[in-house]
Amino acid sequence: MPRKQKSPNPLEKLSEKEIEKLREIDDRLRRVVHERRTGQSRPGIQAEQTFGSITFRYETVRCGKANCTRCPHGPYWYAYWKEGGRTRSRYVGRSLPEKARAAYEAKQRARLESKA
Ligand SMILES: [Zn+2]
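A few points on the structure. (Residues numbered from 1 in each chain as written. Predicted model: local features only at pLDDT ≥ 70, side-chain atom pairs only at ≥ 80, totals over all residues. Heavy atoms only, no water.)

**Notes on the coordination of the zinc ion**
Geometrically, a metal with four donors at the corners of a regular tetrahedron has ideal angles of 109.5 degrees, and one with six donors at the corners of a regular octahedron has ideal angles of 90 or 180 degrees.
Link 1 in the chain: Here the zinc ion is held by C63 (SG), C68 (SG), C71 (SG) and H73 (NE2), and the distances to it run 2.0 to 2.3 Å.
Link 2 in the chain: If you look at the zinc ion, its four donor atoms make angles of 103 to 114 degrees with each other, and the shape they trace is tetrahedral.
Link 3 in the chain: All donors to the zinc ion come from one chain, and their sequence spacing reads C-x4-C-x2-C-x1-H.
Link 4 in the chain: A residue is classified by how much of its surface remains accessible, and C68, at 25% relative accessible area, is partly exposed. (Donors = N, O, S within 2.8 Å, 3.2 Å for Na, K, Ca; no water. Tetrahedral: all angles 85-135°; square planar, octahedral: opposite > 155°, others 65-115°. Buried < 20%, exposed > 50% of the residue type's maximum accessible area, 1.4 Å probe, protein only.)

If you want it as structure tokens, here you go:
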């Protein structure tokens, strides 16, 4: 019976550049996990509007492509809601759905009027 050969460690074959890239990915993952855990707000959030049990956020996003020169993208609207104790999100787009937009604009108006 042949002995099971020990496979070489694939990490040893990586170039400096590849290792650097892995570190970046690792960093990014860590940050995402940390933010999820602590519930910290993301730095890219420009506006927020709650509508019923859904929170809409207008935020800039990073696509994660290493060579992207146009990051961050957006801002775009995203919807956040709780489902079974977890926060779910969905891309909305450049503009809010009609009802949420009306609520958002009403709030903006109220804010302006309270300042005047
Ligand atoms: Zn990008």
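Next comes the rest of the description.
**Regarding the environment of G52**
Link 1 in the chain: The residue G52 is located in the loop between β1 (45-51) and β2 (54-61) in this model.
Link 2 in the chain: What makes G52 exposed here is its relative accessible area of 69%.
Link 3 in the chain: Separated by 29 residues in sequence, G52 and W81 have C-alpha atoms that sit 9.7 Å apart. (Helix = DSSP H or I, 4+ residues; strand = E, 2+ residues; numbered from the N terminus.)

**As for the sheet that holds strand β4 (residues 86-93)**
Link 1 in the chain: Taken in spatial order, the four strands line up as β1-β2-β3-β4 in an open sheet, and their pairing is antiparallel. Bordering the open sheet on either side are β1 and β4, each of which pairs with just one other strand. On average, adjacent strands in this sheet sit at an angle of 25 degrees to one another, irrespective of strand direction.
Link 2 in the chain: Across seven bridges, strand β3 (residues 73-83) lies against β4 in antiparallel orientation. In the sheet register, E83 faces β4, and the bridge partner there is R86.
Link 3 in the chain: Of the strands in this sheet, β1, β2 and β3 are in contact with helix α2 (residues 98-115), which crosses β1 at around 110 degrees. (Pairing = 2+ DSSP bridges. Axes fitted to C-alpha atoms, helices over the stretch in contact; angles between N-to-C directions. Contact = heavy atoms within 4.5 Å.)

**Some details on a nonpolar patch on the surface**
Link 1 in the chain: Together, L11, L22, I25 and L29 line one region of the surface with nonpolar side chains, adding up to about 370 Å² of accessible area.
Link 2 in the chain: Note that L22 resides in helix α1 (residues 16-38). (Patch = residues over 30% accessible without salt bridge, like charges linked within 9 Å, V, L, I, M, F, W, Y side chains within 5 Å. Areas by Shrake-Rupley, 256 points an atom, 1.4 Å probe, with all protein chains shown as cover. Salt bridge = Lys/Arg side-chain N within 4 Å of Asp/Glu carboxyl O.)

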